[in-house]
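A structural walkthrough
Each chain is listed here by its residues.
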Amino acid sequence: MTWFEAIVLGIVQGLTEFLPISSSAHLLIVGQLFFDGRDPGAAFTAVTQIGTESAVIVYFAKDIWRIISRWSLALVGKLPQSDPDVRMGWMVIVGSLPIAVLGLLFEGAIDSGLRNLWITAAMLAGVAIVLAVADRVARNERTIDQLTWKHAISLGFWQALALIPGVSRSGATISGGLFMGYRREVAARYAFLLAVPAVMASGLYKLKDIGDDATAAWGPTLLATVIAFGIGYVVIAWLLKYVASHTFTIFVVYRLALAAVLVGLLATGTIAAT
């Protein structure tokens, strides 16, 4: 991977990680179209996500610090487990378990077989339809304080769908939240918080593969990660403001259009599926 490729992919990662359009799909497609058909690799994708999740940590620093500190106090009996921030801390932990377990169980398929662009195209279109239906039936009533244990675990499984390129971590989790009646901005905010443990753990775990992977050297990967952080921070602020007063229709249309273009490129042999 060249430095220029790293810059481009870092920009792509930062722009697409939090929007419900799948960052992994975009990294795969851009790699195929512009970089001699090279897949940036699962390790590169996971590590650059450390940059975007670091943006979440900085953006929600006050909320995250409050949740962690109060959760820690509850562990030693200085706060009741019924405290809202303590409950949120446990819910994020419990909600992170599905993607952690499934990610380890299916690591081989995630790193290879599921990175087929035909699968990516199907997921782009399929999740677009799911998001459209969820947005249509959403009651937009529940707030973050009304999050239940059942919903926290369920949203964890929705997030786990993002192990398949083309699904979108935020798109899947937000869809689940909308089906459960949560407000759009609440679903998006919880999706961001829920992603932090899983993505940071995945990125740190994949650090061992950087350098061994011919498409992802240390220098370019770090550069892409830093760029993804800066752009990701701006995207978080924009998206939370946008969804407070808009539907997800623009993202549904974009996903369907991208899926159609991708199918066309694959069908004509312009790019290879793997």
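This next bit is on unusual backbone geometry. Positive phi outside glycine occurs at Ser22, with the angle close to 75°. Turning to its location among the elements, Ser22 is positioned in the loop between helix H1 (3-16) and helix H2 (23-34).

How two aromatic rings sit relative to each other is set out by the distance from centre to centre and by the angle between their planes. All chains considered together, the criterion is met by ten aromatic pairs. Pairing Trp71 with Trp90 gives two aromatic rings, centres 5.3 Å apart and planes at 65°, and the pair type is edge-to-face. Pair noted here: Trp71 is in helix H4 (residues 61-75) and Trp90 is in helix H5 (residues 84-105), with a separation of 19 residues, a long-range link. Positioned above the aromatic ring of Tyr182 is the side chain of Arg142, whose terminal nitrogen or guanidinium carbon lies 5.6 Å from the ring centre.

This part is about the pattern of salt bridges. For the coordinates displayed, the defined rule picks out eight salt bridges. A salt bridge links Arg184 to Asp135; the shortest N-O distance between them is 2.7 Å. Note that Arg184 is positioned in helix H10 (residues 184-206) and Asp135 in helix H7 (residues 117-137), a separation of 49 residues in sequence. The pair Arg184 / Asp135 is uniform in exposure class, with both members buried. Residue Glu141 is joined to Arg139 by a salt bridge in which the shortest nitrogen-to-oxygen separation is 3.4 Å. Among the residues examined, Glu141 registers a relative accessible area of 48% and is labelled partly exposed. You can call Arg139 partly exposed: its relative accessible area is 45%.

Along the chain, the position of Ser245 falls in the loop between helix H11 (218-243) and helix H12 (249-267). Take Ser245: its relative accessible area is 57%, and that puts it in the exposed class. Sequence separation between Ser245 and Arg184 is 61 residues, and the spatial gap between their C-alpha atoms is 8.8 Å. Here His246 takes part through its side chain, which lies 3.1 Å from a polar atom of the side chain of Ser245.

For H5, spanning 22 residues, the distance from its first C-alpha to its last is 33 Å, which sits close to the expected 32 Å at 1.5 Å a residue. Along its length, H5 reaches its greatest deviation from straightness, about 30°, at Leu97, and the proline Pro98 lies no more than four positions downstream. Buried residues in H5 make contact with H4, helix H6 (107-111), helix H8 (149-160), helix H9 (169-179) and H10. Where H5 begins, the capping side chain belongs to Asp83, and its oxygen is found 3.0 Å from the backbone nitrogen of Asp85.

This part takes up the packing of H2 against H7. Put simply, H2 and H7 touch, their axes get as near as 11 Å, and they point 135° apart. Classed by the angle they form, the pair H2 and H7 counts as oblique. Crossing geometry of H2 relative to H7 is assigned as left-handed. Contact residues: Ala25, Leu28, Ile29 and Gln32 in H2; Leu117, Thr120 and Leu124 in H7.

What counts as what
- Residues numbered from 1 in each chain as written.
- Predicted model: local features only at pLDDT ≥ 70, side-chain atom pairs only at ≥ 80, totals over all residues.
- Heavy atoms only, no water.
- Helix = DSSP H or I, 4+ residues; strand = E, 2+ residues; numbered from the N terminus.
- Phe/Tyr/Trp six-rings, centres within 6.5 Å; stacked < 30°, edge-to-face > 60°.
- Lys NZ or Arg CZ within 6 Å of the ring centre and 35° of its normal.
- Salt bridge = Lys/Arg side-chain N within 4 Å of Asp/Glu carboxyl O.
- Buried < 20%, exposed > 50% of the residue type's maximum accessible area, 1.4 Å probe, protein only.
- Polar contact = N/O pair within 3.5 Å; in protein donor to acceptor, adjacent residues only side chain to side chain.
- Expected span 1.5 Å × (residues − 1).
- Bend = angle between axes of the 7 residues up to and from the residue.
- Contact = heavy atoms within 4.5 Å.
- Axes fitted to C-alpha atoms, helices over the stretch in contact; angles between N-to-C directions.
- Parallel < 35°, antiparallel > 145°, perpendicular 65-115°, else oblique.
- Left-handed = near helix turned anticlockwise from the far one by under 90°.

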